[in-house]
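Each chain, letter by letter, is given below.
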Amino acid sequence: MADDTCHPQPGDLIEIDRHVYQHWALYVGDGYVINVTPVDEGAPSLSVSTTSIFTRKAKVKKQLLKEVVGNHKWRVNNKYDRSRTPRPVKKIIRRAEQLIDEEVPYDVLGSNCEHFVTELRYGEGVSEQVKKAVICAAALGGIILAGLAAAVVKSFSGASSKEKNCE
């Protein structure tokens, strides 16, 4: 499988930059990829919507890479090869092709497009972008809680209603 980020080989993971998130697909050859798209969306997987966040099922599709990518940037990204052993290419492709037109469980946090393609390639679904999102959300939540706590403390230690503010 290729290290070249612009010339995918069958079995390679394709990362598509959608600005707010990354969409993932599996390259199967001849310009085609296999990827999942939320069932509730009528449009191809070119953009995310609130529907894709709340849907519970996705459809496995075989599409031209250029159609899935649209005007977005993409690259081959087999980033987990450093820590996981890829399955043989023929097994990856065979399993992916068996799933075409099937509905599969979908969950942004636990079973998304990255989980789908890494399950095919490595036999284990992983999503680094979910881990990053959870860490960012936890950090943001911590900042908000700290701000609320500071406001509460200030309200209890502030001036009483009988005192006047000096100008």
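Residues numbered from 1 in each chain as written. Predicted model: local features only at pLDDT ≥ 70, side-chain atom pairs only at ≥ 80, totals over all residues. Heavy atoms only, no water.

### Some points on the overall build of the protein
Alright, step 1. Per the secondary structure count, the protein includes five helices and six strands.
Alright, step 2. Listed by position from the N terminus, the elements making up the protein come as β-β-β-α-β-α-β-α-β-α-α.
Alright, step 3. A burial count over the protein gives 35% of its 167 residues as buried.
Alright, step 4. For the protein, contacts bridging at least 24 residues in sequence account for 64% of all contacts bridging at least 6. (Helix = DSSP H or I, 4+ residues; strand = E, 2+ residues; numbered from the N terminus. Buried < 20%, exposed > 50% of the residue type's maximum accessible area, 1.4 Å probe, protein only. Contact = heavy atoms within 4.5 Å.)

### A short note on the side chain of E114
Alright, step 1. Mapped onto the elements, E114 comes out in helix α4 (residues 113–122).
Alright, step 2. A distance of 2.9 Å separates polar atoms of two side chains, one belonging to E114 and the other to Y80. (Polar contact = N/O pair within 3.5 Å; in protein donor to acceptor, adjacent residues only side chain to side chain.)

### Observations concerning the environment of W24
Alright, step 1. Along the chain, W24 turns up in strand β2 (residues 22–29).
Alright, step 2. Taking the C-alpha atoms as reference, W24 lies 6.9 Å from L13; in sequence the two are 11 residues apart.

### Some thoughts on helix α3 (residues 89–98)
Alright, step 1. Along α3, the residues classified as buried are I92, I93 and A96. Down the axis of α3, the buried set is contained in an arc of 90 degrees. They therefore lie on one face.
Alright, step 2. Its buried side turned inward, α3 meets β2, β3 (32–38) and α4. (Arc of directions from axis to C-beta.)

### Things to note about α4
Alright, step 1. In terms of burial, α4 is largely enclosed, as nine of its 10 residues are buried.
Alright, step 2. The distance from a side-chain oxygen at the start of α4 to the backbone nitrogen of E114 is 2.9 Å, and the residue carrying that oxygen is N112.

### Considerations on unusual backbone geometry
Alright, step 1. Positive phi outside glycine occurs at H19, with the angle close to 70 degrees.
Alright, step 2. When you line up the elements, H19 lands in the loop between β1 (13–17) and β2.
Alright, step 3. We classify H19 as exposed; its relative accessible area is 67%.
Alright, step 4. Positive phi outside glycine occurs at D30, with the angle close to 55 degrees.
Alright, step 5. One can find D30 in the loop between β2 and β3.

### Quick word on the confidence of the model for the protein
Alright, step 1. In this model, the protein carries an average pLDDT of 78, and 65% of its residues clear a pLDDT of 70 or more.
Alright, step 2. Taken element by element, the predicted model of the protein shows its lowest mean pLDDT in helix α1 (residues 50–54) (49) and its highest in α3 (98).
Alright, step 3. Of the regions scoring below 50 in pLDDT, residues 132–140 engages in zero contacts with residues more than four places distant in sequence or in other chains. (pLDDT = per-residue confidence, 0-100.)

### A word on the sheet that holds strand β4 (residues 57–64)
Strand pairing in a sheet relies on backbone hydrogen bonds, with the paired strands running either antiparallel or parallel.
Alright, step 1. Strand order in this open sheet of six strands is β5-β1-β2-β3-β4-β6, and the pairing throughout is antiparallel. What marks the edges here is a single partner per strand, and that holds for β5 (73–76) and β6 (103–105). Here the average twist between neighbouring strands, direction ignored, is 35 degrees.
Alright, step 2. Pairing of β1 with β2 involves five bridges; the strand directions are antiparallel. Residue pairing in the sheet places D17 in a bridge with Q22 of β2. (Pairing = 2+ DSSP bridges. Axes fitted to C-alpha atoms, helices over the stretch in contact; angles between N-to-C directions.)

### Describing the pattern of salt bridges
Alright, step 1. With the rule as written, the count across this model stands at eight salt bridges.
Alright, step 2. Between E15 and R75 there is a salt bridge, with its nearest N and O atoms 2.9 Å apart. Note that E15 is positioned in strand β1 and R75 in strand β5, a separation of 60 residues in sequence.
Alright, step 3. What makes R75 partly exposed here is its relative accessible area of 39%.
Alright, step 4. Ionic pairing is found between K57 and E103, a salt bridge with its closest N-O pair at 3.9 Å. (Salt bridge = Lys/Arg side-chain N within 4 Å of Asp/Glu carboxyl O.)

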